[in-house]
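Each chain is listed here by its residues.
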Amino acid sequence: MRVPKVFGIGFQKTGTSSLHRAFEILGYCAQKGFFINHPKGVIIPPPLSNEKVLAVALGYAREHDAFSDNPWPLLYRELDAAFPGSKFVLTTRDAERWVESLVRHFGERPSDVSQWIYGVPYPRGHEARCRDIYLAHNESVRAHFAARPDALLEIDLEREPRWERLCAFLGLPIPAQPFPHENRAEDREQGLAWRRLKNRLRGRGR
C-alpha cells in the first residue's frame, strides 16, 4: 500500500472522475466513492449522518490508498484523524458553473445522499442552497488545513496545470500522457443520443 493515502475531497462535478483516473495512472489503488441506498450500492438507514457513513467508509479506506467522489468530501475531518499524515486534494470550479452542472446531472431525482449533503432531496429549485453549501465546504476545508498547507492541494482542474501541481504535491514524476478528462457532460449527452438512436433503429427493424 502506498503511503500516505490521498483523499479527493472536492464535491461532485468538480472533476472527481478525472482525479480518480489520474490516481490510477499514477499507480494508486484508487477508490471512486460508493453509492448509498442505491441498487448498486450499500444500504445505510436514513437519515444519513457522518457517523453512519464513516462506519462503512472506513472499510473501503483501509483497502485502498486514493479516493475521490462521495462520500469522501463530507468525511475529511474524520479521515484526517483516522489516517494521520494523509494528503487531501480539494478540487474546485466556478460556483455558478458547478451548480449548473449539478442540476443538469441530478435534476429532481431525490436521494438520501443529497439530503445528507445539502439538506434537500434534489438540487433543482434549491440552487442557492446547494451553492452556499458548496462554498461553505470549500471554506471549511481551507480553515481545517490552514496550519498544515503541505497536507492540502486546492486545484481547479479546468484552469490550472494539472499534472504539474498534482505530481509536485504527491512527490511523483509527471506521466508521459495527457491529464485525463473523464465524465464530461457533452460526452454523456452524445452517448445518450447514440443509445436513443440505436433503440429507434431497433424498433424499426422489428
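Structural notes, computed from the coordinates. (Residues numbered from 1 in each chain as written. Predicted model: local features only at pLDDT ≥ 70, side-chain atom pairs only at ≥ 80, totals over all residues. Heavy atoms only, no water.)

**Examining the sheet that holds strand 4 (residues 87-91)**
Neighbouring strands of a sheet are bound in pairs by backbone hydrogen bonds; such pairs are parallel or else antiparallel.
Part 1 of the reasoning: Here we have five strands laid out as an open sheet, ordered 2-3-1-4-5, and parallel in their pairing. Here the strands that pair on one side only, and so sit at the sheet edges, are strand 2 (30-32) and strand 5 (152-155). Averaged over all pairs of adjacent strands, the angle between their axes in this sheet comes to 15°, without regard to strand direction.
Part 2 of the reasoning: Across three bridges, strand 2 lies against strand 3 (residues 66-68) in parallel orientation. Bridge assignment links Gln-31 to a residue of strand 3, and that residue is Phe-67.
Part 3 of the reasoning: With respect to the sheet, helix 1 (residues 16-25) is in contact with strand 1 (6-8), strand 2, strand 3 and strand 4, its orientation differing from that of strand 2 by roughly 165°.
Part 4 of the reasoning: Against the sheet, helix 7 (residues 162-170) engages strand 1, strand 4 and strand 5, with an angle of about 175° to strand 5. (Pairing = 2+ DSSP bridges. Helix = DSSP H or I, 4+ residues; strand = E, 2+ residues; numbered from the N terminus. Axes fitted to C-alpha atoms, helices over the stretch in contact; angles between N-to-C directions. Contact = heavy atoms within 4.5 Å.)

**Section: the packing of helix 1 against helix 7**
Part 1 of the reasoning: Where helix 1 contacts helix 7, the axes come no closer than 12 Å and their chain directions differ by 55°. Judged on the interaxial angle alone, helix 7 and helix 1 are oblique. The two elements helix 1 and helix 7 cross, and the hand of that crossing is right-handed. Contacts between helix 1 and helix 7 involve Leu-19, Ala-22, Phe-23 and Ile-25 from the former and Trp-163, Leu-166 and Leu-170 from the latter.
Part 2 of the reasoning: When grouped by side-chain class, the residues that make up the contact of helix 1 with helix 7 number seven nonpolar, no polar and no charged. (Parallel < 35°, antiparallel > 145°, perpendicular 65-115°, else oblique. Left-handed = near helix turned anticlockwise from the far one by under 90°. Nonpolar A, V, L, I, M, F, W, Y, C, P; charged D, E, K, R; others polar.)

**A look at unusual backbone geometry**
Part 1 of the reasoning: Cis peptide bonds are those with omega within 30 degrees of zero, and the linkage from Pro-46 to Pro-47 qualifies with 0°.
Part 2 of the reasoning: In this fold, Pro-47 is placed in the loop between strand 2 and helix 2 (50-63).
Part 3 of the reasoning: Cis geometry marks the peptide bond from Asn-70 to Pro-71; its omega dihedral reads 10°.
Part 4 of the reasoning: Here Pro-71 shows up in the loop between strand 3 and helix 3 (76-82).
Part 5 of the reasoning: If you check the backbone angles, Lys-13 has positive phi at about 70° while not being a glycine.
Part 6 of the reasoning: By the secondary structure assignment, Lys-13 is in the loop between strand 1 and helix 1.
Part 7 of the reasoning: If you check the backbone angles, Asn-37 has positive phi at about 50° while not being a glycine.
Part 8 of the reasoning: A residue is classified by how much of its surface remains accessible, and Asn-37, at 25% relative accessible area, is partly exposed. (Buried < 20%, exposed > 50% of the residue type's maximum accessible area, 1.4 Å probe, protein only.)

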